[in-house]
Amino acid sequence: MAQTFETESRKLLGRLRDTMAGDDPGQTRLDKIVDLIADSIGTEVCSIYLFRDEDTLELCATEGLNSEAVHQTRMKLGEGLVGRVARRGQVFNTPDAPNTRGFRYMPETGEEVYTSFLGVPIQRLGETLGVLVVQSKDAREYSADEVYALEVVAMVLAEMAELGAFVGDGSAMGARHSQPAMLRGTVAQEGVAEGHIWLHEPRVVVTNPIADDPHRELERLTEAVEELRVGVDKMLALAAVDKEQAEVLEAYRMFANSKGWMRRMEEDISRGLSAEAAVEKEQSLARSRMGQASDSYLRERLSDLDDLSNRLLRILTGQGSDTGAEMPADPILVARNIGPAELLDYGRTLRGIILEAGSVGSHAAIVARALAIPLIVHVDRATLESLNGDHVMVDGEQGIVHLRPDDTVVTAFRDKMAMQAAAVERYASIRDKAAETLCGSVVSLHMNAGLMADLPSLEGSGAEGVGLFRTELQFLVRNQMPRRSELSALYARVLDAAGGKKVVFRTLDIGSDKVLPYMKPNDEPNPALGWRAIRVGLDKPGVLRMQLQALLRSANGRPLTVMFPFVAQYEEYTQAKAEMDKAMDRERRLGHVLPEHIEIGAMLETPSLAFAPHKFFEEVGFLSIGGNDLKQFFFAADRENERVRRRYDTLNVSFLSFIERIVERCEITGTPLSFCGEDAGRPVEALCLAAIGLRNLSMRPASIGPVKSLLRRSNLEEVRKVISDARHRGDMSVRPAIMEYLREQG
Ligand code: PEP
Ligand code: MG
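Residues numbered from 1 in each chain as written. Chains lettered and ligands numbered in written order. Predicted model: local features only at pLDDT ≥ 70, side-chain atom pairs only at ≥ 80, totals over all residues. Heavy atoms only, no water.

A. Structural detail: the coordination of the magnesium ion (ligand 2). Surrounding the magnesium ion (ligand 2) are the protein donor atoms Glu-605 (OE) and Asp-629 (OD), which sit 2.0 Å from the metal. With Glu-605 in the loop between strand S20 (598-604) and helix H20 (607-610) and Asp-629 in helix H22 (residues 627-634), this pair connects stretches of sequence that are 24 residues apart. (Donors = N, O, S within 2.8 Å, 3.2 Å for Na, K, Ca; no water. Helix = DSSP H or I, 4+ residues; strand = E, 2+ residues; numbered from the N terminus.)

B. Seen up close, the packing of aromatic side chains. As enumerated under the stated definition, the model contains 13 aromatic pairs in all. Ring geometry for Phe-92 against Phe-117: centres 6.3 Å apart, planes inclined by 55 degrees, an arrangement best described as tilted. Taken as a pair, Phe-92 in strand S4 (residues 92-94) and Phe-117 in strand S5 (residues 116-124) lie far apart in primary sequence, 25 residues in all. Here the two residues Phe-92 and Phe-117 agree in accessibility, since each one is buried. Arranged with centres 4.7 Å apart and planes meeting at 5 degrees, the rings of Phe-635 and Tyr-648 form a pair that is stacked. In this pair, Phe-635 sits in the loop between H22 and helix H23 (653-669) while Tyr-648 sits in the loop between H22 and H23, placing the two residues 13 residues apart along the sequence. Feature note: the residues Phe-611, Phe-634, Phe-635, Tyr-648, Phe-655 and Phe-658 constitute an aromatic cluster, connected by ring pairs. Here the guanidinium or amino end of Arg-84 rests over the ring plane of Phe-92, the centre of that ring lying 4.1 Å away. Sitting over the face of the ring of Phe-566, Arg-532 holds its NZ or CZ atom 3.9 Å from the ring centroid. (Phe/Tyr/Trp six-rings, centres within 6.5 Å; stacked < 30°, edge-to-face > 60°. Buried < 20%, exposed > 50% of the residue type's maximum accessible area, 1.4 Å probe, protein only. Lys NZ or Arg CZ within 6 Å of the ring centre and 35° of its normal.)

C. Here's a closer look at the packing of helix H26 (residues 716-729) against helix H27 (residues 735-744). Where H26 contacts H27, the two axes come as close as 9 Å, and the packing angle between them is 145 degrees. For the element pair H26 and H27, the recorded crossing hand is right-handed. When H26 is examined against H27, the residues Glu-718, Val-719, Val-722, Ile-723 and Arg-729 are found in contact with a partner set consisting of Ala-737, Ile-738 and Tyr-741. For the contact of H26 with H27, a count of residues per class yields six nonpolar, no polar and two charged. (Axes fitted to C-alpha atoms, helices over the stretch in contact; angles between N-to-C directions. Left-handed = near helix turned anticlockwise from the far one by under 90°. Contact = heavy atoms within 4.5 Å. Nonpolar A, V, L, I, M, F, W, Y, C, P; charged D, E, K, R; others polar.)

All we've got here are geometric facts, nothing functional implied.
If you want it as structure tokens, here you go:
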């Protein structure tokens, strides 16, 4: 019996392929296909519903229902039984459709006479493109074999749709990758860019979903799985693999040996699918489960399986990571995620970056910022929707990606780019002017940096110096601990490039989200509150000492400025400072020249330090507010957690009052104070910080122009009054009042 089904199934697929081979228009093909399926399964009705837009399904072809209803009958996602199959992405099989909850009667189709209903989602890589339905008058439940046969057909339909088989005469569905798409995400680095897609990991395109010779296909699959297995074993045998990687590889091995996985693919092949189509069918299933799984362990395993399927597809199709495609001259990189080192490899060739995962504070984001490349993260479906070479426009102001944009979008976007270029020119014209406000206050603007690649911006941005040099980036982009001599040479180059302008080196800030690939990860329940930054430096001082020596040597007699990150109490500062004193003693004894002048400060990133003893404020060389961390601890809202990250406004009256308190304490002791979190680079935030007394801000180089421009047009005394009025009124945030004031000022 099973044999008959398999033969039937193969026959049907063979006929489907013939339909594809002809040069019929898309609609004719769809009409023929429903006819073939109804005939092969022996049901009165077979219909294909495809998505018209994101949440509307349209009847695109039918055998059995009223043909007038084609392209007329539409339903919303979730509506009726068809909508339900589409929403859940799952098969629905019932002998009594009219009495099933959710059944929707559609008179135009003449549907009431059909009792049994089987709906199968048409899915490709976990994405539902439509629904394939068979119905019959007699009340029967379709057998497992029939369901299975229909699933295989649905898979082939999805592949055909992907290849553009149903395009034509405007009525059938267009090829997915030929239509414009607009995707949304979160801005991680501002800027607008136009270019062509370059996929970090190219998609494998399956052009032959149907195969004649199941034996040959089985052989191909077995060989490919074997190759995969050997590859994974080899990777596992490599001593360099750490524990975490080994766990992932073990999971791979588990799948590669998984009987269920293999068996299902073998079955698909015996029904007429090619080896690659069988792999993709399994992958699709895993993807749709991944979307539904709430358990993070299961999700990770499914994601491993997804990755494994990709590898297998590459082996089968011979489309390795090198597909022979050539990188466009204006590449916009699309990836699920990317590491900082890989991004540095691409360097400045990229015009823009679009990531499905990633986060605003990730290392890749930091590198993208250093290279001033617009970056949008959390762009759902980016890798699914893009093909190498697609035209794309990245709006890193709004967090929008226009994929294959139509002419109106292109024109509007180019206007926007031209306006931005004009703004950049305007900022360039005030580059050498001071950020002097209308009331005569002068605010020093510095830039944040972390890579050699940042330093050229010192000149172009008009920054007075580097207010924060994040030294951990050098540690993060390598795969082994840098040596002291390397670091010292690097810091010396940074000082050379700064040409006498001040550079504030922050000692290593690792832990929390910044985990060095070559250090044992600590499994901490709350890494942001855990063993990080100066805590690591003081408990295991080896690296801190090495770094301090490297800094002292790099100065080679020049002035040097160093600050310690994440100091939460006075004693941590004194201990860290003692390390510096020891390092200086040692250098002196070794006969090295010491910096002619040295400033040692601390970052104020925890509320506790704002309440440190008066003596601390007298003693510390300077303070720099790390607003990113300070804000997350003030509001107890994780800066990396999308759900709460933006919940509290920096211009919240309580937060501004808190910062004002720090300003006052520093004024009393004459302690130099700066602010170096991301907010310093947002013009309105920077204006308010200046109004409450901050006179030194450090930000991304690209923010200096906009911040300076606003400061030069503002009167801080007036802004201060707006803030204090808001406070007296009991406003939650001063933002509405400030925005109103700025509007009035034009
Ligand atoms: C901060 O916390 O504001 C800061 C500047 O440090 P980082 O963003 O590197 O933690
Ligand atoms: Mg910080």
